[in-house]
There are 2 protein chains.
Amino acid sequence: MVEMVRLKDVAARAGVSVSVASRALTDDAHARISADTRARIVAAATELGYQPDHRARALRLSRSGAIALVVPEVNNAIFGGLHSGIQEACQQRHTAVLLGQLNASDRSAQALSRLIGNGRVDGVILQRAEDYDDASLQAALDIPVPTVLFNSRLSGRPGSVVLDDPAAVRIAVEHLRELGHTGIGFIAGAAHHDAAARRLEAFTELMAGEPSHPEWTQSGGWEAPAGHLAMSRILGLDERPTAIVVASLNAAVGALHACAAAGVRVPDDLSIVSIHDAWIASYTAPELTTVRMPMVEAGERAATMLLDHLDGAELEDVVLHEPKPELLARGSSAAPTHR
Amino acid sequence: MVEMVRLKDVAARAGVSVSVASRALTDDAHARISADTRARIVAAATELGYQPDHRARALRLSRSGAIALVVPEVNNAIFGGLHSGIQEACQQRHTAVLLGQLNASDRSAQALSRLIGNGRVDGVILQRAEDYDDASLQAALDIPVPTVLFNSRLSGRPGSVVLDDPAAVRIAVEHLRELGHTGIGFIAGAAHHDAAARRLEAFTELMAGEPSHPEWTQSGGWEAPAGHLAMSRILGLDERPTAIVVASLNAAVGALHACAAAGVRVPDDLSIVSIHDAWIASYTAPELTTVRMPMVEAGERAATMLLDHLDGAELEDVVLHEPKPELLARGSSAAPTHR
DNA sequence: CATTGATGCACAATCGGTTGCGCATTCGAT
DNA sequence: ATCGAATGCGCAACCGATTGTGCATCAATG
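What you see is a predicted model; the values in this text were computed from it and never measured. (Residues numbered from 1 in each chain as written. Chains lettered and ligands numbered in written order. Predicted model: local features only at pLDDT ≥ 70, side-chain atom pairs only at ≥ 80, totals over all residues. Heavy atoms only, no water.)

Draft legend 1. Highlighting the nonpolar core. Core analysis: the largest hydrophobic core is formed by 92 residues, its most contacted members being Leu69, Phe79 and Ile86 of chain A together with Leu69, Phe79 and Ile86 of chain B. With residues up to four places along the chain from it excluded, the contact list for Leu69 of chain A reads Phe79, Leu82, His83, Ile86, Val97, Leu98, Leu99, Gly100 and Ile125 of chain A. (Core = buried A, V, L, I, M, F, W, Y, C linked by side-chain atoms within 4.5 Å. Buried < 20%, exposed > 50% of the residue type's maximum accessible area, 1.4 Å probe, protein only. Contact = heavy atoms within 4.5 Å.)

Draft legend 2. Expanded view of the interface of chain A and chain B. Contacts between the two partners involve 59 residues from chain A, matched on the other side by 59 residues from chain B. Between chain A and chain B, a total of about 4700 Å² is buried, with carbon and sulfur atoms accounting for 56% of that surface. Of all residues in chain A, Arg55, Asn118 and Tyr283 of chain A give up the largest surface area on contact with chain B, accounting jointly for 17% of the area buried on that side. At the surface where chain A touches chain B, the tally comes to zero salt bridges. Inspection of the chain A/chain B interface yields 14 residue pairs in polar contact (both at pLDDT 80 or more). (Buried area = accessible area lost by both parts, 1.4 Å probe. Salt bridge = Lys/Arg side-chain N within 4 Å of Asp/Glu carboxyl O. Polar contact = N/O pair within 3.5 Å; in protein donor to acceptor, adjacent residues only side chain to side chain.)

Draft legend 3. Geometry of the protein's contact with DNA strand D. Taken together, 25 residues are adjacent to DNA strand D, and Arg32 and Thr37 of chain A together with Leu7, Arg23 and Arg60 of chain B come closest. Here a phosphate oxygen of DNA strand D sits 2.3 Å away from a polar atom, N or O, in the side chain of Thr37 of chain A. Here a base oxygen of DNA strand D sits 2.3 Å away from a polar atom, N or O, in the side chain of Arg23 of chain B. Broken down by secondary-structure element, the contributors of at least two residues to the surface near DNA strand D are helix H2 (18-26) and helix H4 (54-61) of chain A together with helix H2 (18-26) and helix H4 (54-61) of chain B. Classifying every residue of the surface near DNA strand D gives nine nonpolar, seven polar and nine charged. (Near = heavy atom within 4 Å. Helix = DSSP H or I, 4+ residues; strand = E, 2+ residues; numbered from the N terminus. Nonpolar A, V, L, I, M, F, W, Y, C, P; charged D, E, K, R; others polar.)

Draft legend 4. Spatial organisation of the packing of aromatic side chains. The full count for this structure, using the stated rule, is five aromatic pairs over all chains. Between the aromatic rings of Phe79 of chain A and Phe79 of chain B, the centroid separation amounts to 6.3 Å while the plane-to-plane angle is 10 degrees, which identifies the pairing as stacked. Of this pair, Phe79 of chain A sits in helix H5 (residues 77-92) while Phe79 of chain B sits in helix H5 (residues 77-92), each in a different chain. Accessibility assignment for this pair places Phe79 of chain A and Phe79 of chain B in one class, buried. The interplanar angle of 15 degrees and the centroid separation of 4.7 Å between the aromatic rings of Phe186 of chain B and Phe203 of chain B together place this pair among those described as stacked. Here Phe186 of chain B is found in strand S6 (residues 184-188), whereas its partner Phe203 of chain B is found in helix H9 (residues 194-206), with 17 residues between them in sequence. With a relative accessible area of 0%, Phe186 of chain B lands in the buried category. (Phe/Tyr/Trp six-rings, centres within 6.5 Å; stacked < 30°, edge-to-face > 60°.)

Draft legend 5. A look at unusual backbone geometry. For the bond from Ala285 of chain A to Pro286 of chain A, the omega torsion is -5 degrees, close enough to zero to count as cis. Along the polypeptide, Pro286 of chain A turns up in the loop between strand S9 (271-275) and strand S10 (289-292). Across the junction of Glu322 of chain B and Pro323 of chain B, the peptide omega takes the value -10 degrees, indicating a cis bond. Examined against the element boundaries, Pro323 of chain B turns out to sit in the loop between strand S11 (317-320) and strand S12 (326-328). You will see that His276 of chain A, though not glycine, has its phi angle at about 90 degrees, which is positive.

Draft legend 6. The relation of the copies chain A and chain B, seen in detail. Once turned by 180 degrees and shifted 0.0 Å along the axis, chain A lies on chain B with an RMSD of 0.1 Å. Both chain copies can therefore be described as sitting about a two-fold axis. In terms of C-alpha distance to the rotation axis, chain A has Leu98 of chain A as its closest residue, with the C-alpha 2.0 Å off the axis. Taken as a fraction of all interface residues of chain A, those also at the interface in chain B reach 100%, which identifies the copy contact as same-surface. (Least-squares fit on C-alpha atoms with pLDDT ≥ 70 in both.)

Draft legend 7. Local environment of the protein's contact with DNA strand C. Lining the immediate environment of DNA strand C, one finds 27 residues, of which Leu7, Arg23 and Arg60 of chain A together with Arg32 and Thr37 of chain B sit closest. When the atoms of DNA strand C within 4 Å of the protein are grouped by moiety, sugar and phosphate amount to 48% of the total. One of the side-chain nitrogen or oxygen atoms of Arg60 of chain B is found 2.9 Å away from a base oxygen of DNA strand C. Elements with a minimum of two residues in the surface near DNA strand C: H2 and H4 of chain A together with H2 and H4 of chain B. For the surface near DNA strand C, the element with the most residues is H2 of chain A, which contributes five residues. Residue composition of the surface near DNA strand C, grouped by class: ten nonpolar, eight polar and nine charged.

Draft legend 8. Up close: the sheet that holds S12 of chain B. All names here are of chain B. The six strands lie next to each other as S7-S6-S8-S9-S10-S12, forming an open sheet whose pairing is mixed. Two strands lie at the open edges of the sheet, namely strand S7 (217-219) and S12, each paired on one side alone. Shown here is a sheet whose adjacent strand axes are inclined to one another by a mean of 20 degrees, direction ignored. Pairing of strand S8 (residues 243-246) with strand S9 (residues 271-275), which is carried by four bridges, proceeds in the parallel orientation. Residue pairing in the sheet places Ala243 in a bridge with Ser271 of S9. (Pairing = 2+ DSSP bridges. Axes fitted to C-alpha atoms, helices over the stretch in contact; angles between N-to-C directions.)

Draft legend 9. Representation of the environment of Thr26 of chain B in the model. Among the secondary structure elements, Thr26 of chain B is positioned in helix H2. Engagement of the side chain of Thr26 of chain B in a polar contact is seen with the backbone oxygen of Ser22 of chain B, the distance being 2.8 Å.

Draft legend 10. Local environment of the packing of H2 of chain A against helix H3 (residues 35-48) of chain A. All names here are of chain A. Following both chains from N to C, one finds H2 and H3 inclined at 85 degrees, their axes separated by 9 Å at the closest point. The pairing of H2 with H3 is recorded here as roughly perpendicular in orientation. In this structure, H2 uses Val20, Ala21, Ala24 and Leu25 to contact H3, whose residues at the interface are Thr37, Arg38, Ile41, Val42 and Ala45. The residue makeup of the contact of H2 with H3, split by class, is seven nonpolar, one polar and one charged. (Parallel < 35°, antiparallel > 145°, perpendicular 65-115°, else oblique.)

Right under this line is the structure:
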């Protein structure tokens, strides 16, 4: 427990008034301070180990120096990368990151505003929950601070960073086609989530020339149980696809588990490719072939946009094309066995 | 974007001064306010949707109303539960939770103090990184706010919540013994982490009567690669145990993967029981038998202790005996096959 | 009826840092 | 030598809430 040193102490040590000390330390552009005085103040500050009090600064500047990251589920595979990227960008801009998990239980419109309090954070990065419909999302965003949506967008409300979902799906499908698959199914995310919709749409377009198999496309959710259920339904069909693209990694883990439970061998009987990558993909049996998405970069982009906006820039709707989604071929995909 | 309503506005609407409004809304015990006035103020506050500005309150009270949760790795299985518990306890006490990940890259002593800033949080809950030795930990804790350690303790520095590690290990070992196993190995955590040490010690005591097999105990770390490596070493031995207790879930996933890679069948050739439970344990092949630890409760306890301390209570060193660790028998443990 | 005490409220200082403005001094130009 | 401008610094207001203290008003008491 160290004693707190205030600006007053620094000023006293340098033999100046508090106001000059403040200007010297904040690099005020309008400041007219002699080089000598400035040096004395800086020296005094470092000697005393001065750190400005965030509370006072926040009050005066009406900036709390913190943003909130609100996610539906911290266990989701994408959370780690997203958080790293945001943390990284924020650290450089001297901003703290508050974490909020918005449980399924309290999805009321005020839940978010309670979470961020009044003046607690300057902005919010929100990962849309899979069971938020557009109206709920709009209602939840009725908060007095700007928001950037991650992998979701809302018409008429700028401020979003979405991944290149069509490219990811295309890469997965092309990989399977190169292996020789013609019958490809799709396990999608929640029906009314726009990221899930984009992936589904991309998949549908890619399948345009193929014989139609609507039952090979199953909507579910992003977590493992949903993936398990969707895969179970597909495995119950009379005529099965030989390969499946799964729209999220946790769901792919669930899907893989369903295969194991049903005695379906992966990749011999069925190939699986998942969108998103995380450590767990290298530790399943078989290891999961995935399309790595630039989550860290997406987090950085979202945080940067939010912080820039706080400094006056406009919010935008960004599609993150670079770095490109990348195929990580592992053991869950192989050429189909013709019988 | 809603307009901000200040206490001044509430006071004006109720026809009183700001000070009375403040006392009325904070339930000041010394306050002498007529019931009528108080009602008018409360009414005005709700009508205007008044929410006190956290920045101003923080400055005046020297309390920021936030605590930091600092973890080495958000992908670790225990993080989700821990965070939920802390969040839960903090929400009731109107406290926000800042998340900090202390990367392996910046393990300097100032990293933590930079993270929490000056006056940004009132306290810290710290999950010790597996590569922190006692001295580094002590140095990192040289911050001007109180700290509660999770699943770690430091002599001479009260403030910790640790799980009932010996009980967990005993439950795992007893389960394996009931199945008929006599040769039991152990994959421990990082050597100098005290939680790992407690689990290892408990294991050693339980093995006191058995023939000694020091090479059946492998120290590593808490993440999957460490578990993989440790298991590989054990599988390379001439004489193998028939069952393994793994000290953490992520490491168990890694260990299971090593078995699959080596063609060792689980549980036929080798049983695995892991300490800690999370969703992934139900989705591996085979599903992992685990000992569920009360992570949510531990988080609640740690947060409550910290918040109580901020209100004047003493910090304690708590061992969380209730709820007890619970065996969740799944597919990775079975009776040994005698050949 | 005068005095004491309790009651209900407002004034103003305060937390620590930021910033508009004013004052004094020095400098350059005529 | 004189005047205007530029420079260097301090004073004081302010951000929004909390809180010690003081001033009225009214009831209770002898």
